[in-house]
Amino acid sequence: MGLSAKERATFLAEPHVAGVAVDAGADRAPLSVPVWYDYEPGGDVEFLTGRESRKAVLVAKAGRFALLVQRTSPTYRYVSVEGPVVWSGPTTLEQLTRIAARYLPIEAVPGYVEGSDLSALVTFRMRPEHWLSADLGAL
């Protein structure tokens, strides 16, 4: 069963580890790798990665990517969004701190942030254009 627009936005806003998929070129399947991300309902999806990573190079070249989040219990549910990159640039301390705080215990965030090299990171923002979602409900 598909989710309503509100349900899918609410689910995407939860701190799931996401899979990013991006075109990897001729004779290659799309690159699909896990990322931490941030999203507020009605806004853009944001993730950061190593500036020189294969993922960053491919997202910059393609100009768009897809993001998939899922859970397996208490019911299987997923949301997939795809759209264009609407902004990319150097990762700020605020961006790194905000995204890390979604996934790490609060006491671990300062150490993680202090141990990160901001100059080696890039942030991408994607405007969701196409959505897919489902919840299998109680089975």
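Here the structure is a predicted model, which means the values were calculated and not measured.

Chemist: Tell me about the side chain of Ser 133, and please be specific about residues and values.
Modeler: If you trace the backbone, Ser 133 turns up in strand β8 (residues 130–135). Separated by 3.2 Å, the side chain of Ser 133 and the backbone nitrogen of Leu 3 make a polar contact. Apart from the residues lying within four places of it in its own chain, the contact partners of Ser 133 are Met 1, Gly 2, Leu 3, Arg 8, Tyr 78 and Val 79.

Chemist: So what's going on with the environment of Ser 4? Which residues, and what values?
Modeler: With respect to the helices and strands, the residue Ser 4 is situated in the segment before α1 (5–13). Residue classification places Ser 4 among the partly exposed residues on the basis of a relative accessible area of 34%. Each C-alpha atom of the pair Ser 4 and Ala 134 lies 9.4 Å from the other, and the pair is 130 residues apart in sequence.

Chemist: Break down the pattern of salt bridges for me, with residues and values.
Modeler: On inspection of all chains with the given rule, the structure shows ten salt bridges. Asp 44 is the salt-bridge partner of Arg 127, the closest N and O atoms lying 2.9 Å from each other. On the criterion of sequence distance, the pair formed by Arg 127 in the loop between β7 (121–126) and β8 and Asp 44 in the loop between β3 (37–38) and β4 (45–50) is long-range, its members being 83 residues apart. According to the relative accessible area criterion, Arg 127 is partly exposed, its value standing at 43%. The salt bridge involving Arg 64 is made with Glu 129; its shortest N-O contact spans 2.9 Å. Within this pair, whereas Arg 64 is found in strand β5 (residues 64–71), its partner Glu 129 is found in the loop between β7 and β8, the two being separated by 65 residues in sequence. The exposure class of Glu 129 is partly exposed, given its relative accessible area of 43%. A cluster of three or more residues bridged by salt bridges with shared partners is formed by Asp 38, Glu 46, Glu 94, Arg 98, Arg 102 and Arg 125.

Reading the values: rules and limits
- Residues numbered from 1 in each chain as written.
- Predicted model: local features only at pLDDT ≥ 70, side-chain atom pairs only at ≥ 80, totals over all residues.
- Heavy atoms only, no water.
- Helix = DSSP H or I, 4+ residues; strand = E, 2+ residues; numbered from the N terminus.
- Polar contact = N/O pair within 3.5 Å; in protein donor to acceptor, adjacent residues only side chain to side chain.
- Contact = heavy atoms within 4.5 Å.
- Buried < 20%, exposed > 50% of the residue type's maximum accessible area, 1.4 Å probe, protein only.
- Salt bridge = Lys/Arg side-chain N within 4 Å of Asp/Glu carboxyl O.

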